[in-house]
Amino acid sequence: MRQVDQVISERLTTEVPLVREVAQYIISAGGKRLRPALLLLMSGAIGSQHPLRHTLAAVVEFIHTATLLHDDVVDESTLRRGRETANERFGNAASVLVGDFLYSRAFQMMVDVGDMRVMQVLSDATNVIAEGEVLQLVNMHDASIDESAYLRVIRSKTAKLFEASAKLAPILAGSDERTEVLCAQYGQALGTAFQVIDDVLDYEGSSDELGKNLGDDLREGKVTLPIICALRSGSKSQKSLIRQAIEQGDVAHLDAIRDIILQTGALEAARASAHAEANRAIEAAQQLPLNAHSEALLQLAAGLLERRS
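Rules used in this analysis
- Residues numbered from 1 in each chain as written.
- Predicted model: local features only at pLDDT ≥ 70, side-chain atom pairs only at ≥ 80, totals over all residues.
- Heavy atoms only, no water.
- Helix = DSSP H or I, 4+ residues; strand = E, 2+ residues; numbered from the N terminus.
- Rg over C-alpha atoms; globule rule 2.2 N^0.38 Å.
- Buried < 20%, exposed > 50% of the residue type's maximum accessible area, 1.4 Å probe, protein only.
- Contact = heavy atoms within 4.5 Å.
- Areas by Shrake-Rupley, 256 points an atom, 1.4 Å probe, with all protein chains shown as cover.
- Lys, Arg positive; Asp, Glu negative; His and termini not counted.
- Charge placed at Lys NZ, Arg CZ, Asp CG, Glu CD.
- 1 Å grid on protein atoms, 1.4 Å probe; cavity = no way out; pocket = protein on both sides within 12 Å on 5 of 7 lines; lining within 4 Å.
- Points joined across faces, edges and corners; volume = space filled by probe spheres on them.
- Nonpolar A, V, L, I, M, F, W, Y, C, P; charged D, E, K, R; others polar.
- Core = buried A, V, L, I, M, F, W, Y, C linked by side-chain atoms within 4.5 Å.

**Student:** Before we go on, may I ask you to explain the overall build of the protein in this structure?
**Tutor:** Across its full length, the protein carries 17 helices and two strands. Taking 309 residues into account, the globule formula puts the C-alpha radius of gyration at 19 Å, and the protein, at 19 Å, falls close to it. Its C-alpha atoms give the protein principal-axis dimensions of roughly 60 × 45 × 30 Å. In the protein, which comprises 309 residues, the proportion classed as buried is 54%. Long-range contacts, defined as pairs at least 24 residues apart, comprise 77% of the intrachain contacts of the protein with a sequence gap of at least 6. Accessible surface computed for the protein: about 13,300 Å², of which carbon and sulfur atoms make up 50%. Here the protein contributes 31 positive and 42 negative side-chain charges, whose respective centroids are spaced 2 Å apart.

Here it is, written out as structure tokens:
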């Protein structure tokens with residue numbers, strides 16, 4: 001990961017100071033670096049030490065960072081990872097344009113790798129992520145969204161880059177199709193579980209732990225799995241309150257809605273869904289060669305269920 005950070009630092013070179021300042025601000029914000037770590041762990045699991053793995057790990061981090069910059073503008077977010085979002089600090093225009101810079105720099109780096117399969121996987125993933133973002137926008141303030149529609153969004157918006165990160169390792173290594181499929185399955189399942197837990201924490205955690213404002217999903221009119229589960233099993237009056245909050249983006253009754261989510265067992269139901277996805281990731285990792293890296297992949301999937309931030 002130190003080598004990945006070195007690549008990131010080298011490839012943030014630009015003659016425009018504001019670009020580097022904004023990009024450095026969000027990249028150095030103490031994120032988990034899960035996607036690049038996943039690529040490196042998967043490489044180790046399949047016995048690959050390909051010299052370009054650090055470059056591609058930096059590419060997926062640039063793509064992820066670009067989506068964060070754009071997301072925070074769209075969502076009008078003010079807090080991420082415990083500090084001001086880039087849009088809050090530098091303005092919307094700078095955040096959007098630096099996000100564009102990071103996307104284009106990522107594609108420059110992909111070209112440098114010179115592998116059409118790599119280009120295909122990453123360009124497809126970037127396109128699917130954009131589709132997921134638009135789909136989520138269309139679904140805003142729609143209280144009729146069901147679990148299948150929710151999963152479609154998060155598998156596009158979040159899980160797709162996890163899947164691509166995991167799949168790049170066997171592509172670089174020239175592995176067989178079965179290995180590619182297993183790696184991709186692990187990444188998709190891990191990414192799905194990660195997002196479900198993230199959505200659970202928006203109603204269960206605390207602002208200090210999460211590093212973001214609680215209730216942001218409700219304010220933005222996002223229908224996430226805890227809300228879907230509560231709407232499925234709540235009383236008529238409880239459902240009415242939740243629908244009103246989603247349709248109006250109203251956080252005035254956030255505490256009451258959190259209570260409803262707790263009383264209806266919605267958090268437990270959402271966590272069970274995340275658990276099923278984590279188990280799917282574990283099943284895929286168990287079919288990879290047994291070594292310290294694949295063991296770390298198993299621990300990562302299991303530990304995901306315990307995350308608080």
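**Student:** Where do I start with empty space enclosed by the protein in this structure?
**Tutor:** Remark: the empty space left among the atoms is shown by a probe the size of a water molecule rolled over them. Following the criterion strictly, the structure yields one cavity of 30 Å³ or more and no others. Listed by contribution, the elements that provide at least two residues to the lining of the largest cavity are helix 2 (17–27) and strand 2 (83–84). Of the residues that constitute the lining of the largest cavity, the class distribution is four nonpolar, one polar and five charged.

**Student:** What exactly am I supposed to notice about the nonpolar core here?
**Tutor:** Across soluble globular proteins, nonpolar side chains show a tendency to be buried alongside one another. Counting 42 residues, the largest nonpolar core has Leu 56, Ile 63, Leu 102 and Leu 122 as its most contacted members. Those elements giving two or more residues to this core turn out to be helix 1 (2–11), helix 2, helix 3 (34–45), helix 4 (53–75), helix 6 (92–113), helix 7 (116–139) and helix 9 (159–173). Considering each element in turn, this core owes the most residues, ten residues, to helix 4. Ignoring any residue separated from it by four or fewer positions in sequence, one finds Leu 102 in contact with Leu 12, Ala 23, Ile 27, Phe 62, Thr 65, Ala 66 and Leu 69. Residues Ala 143, Tyr 150, Ile 197 and Leu 225 belong to the second largest nonpolar core, which totals 31 residues.

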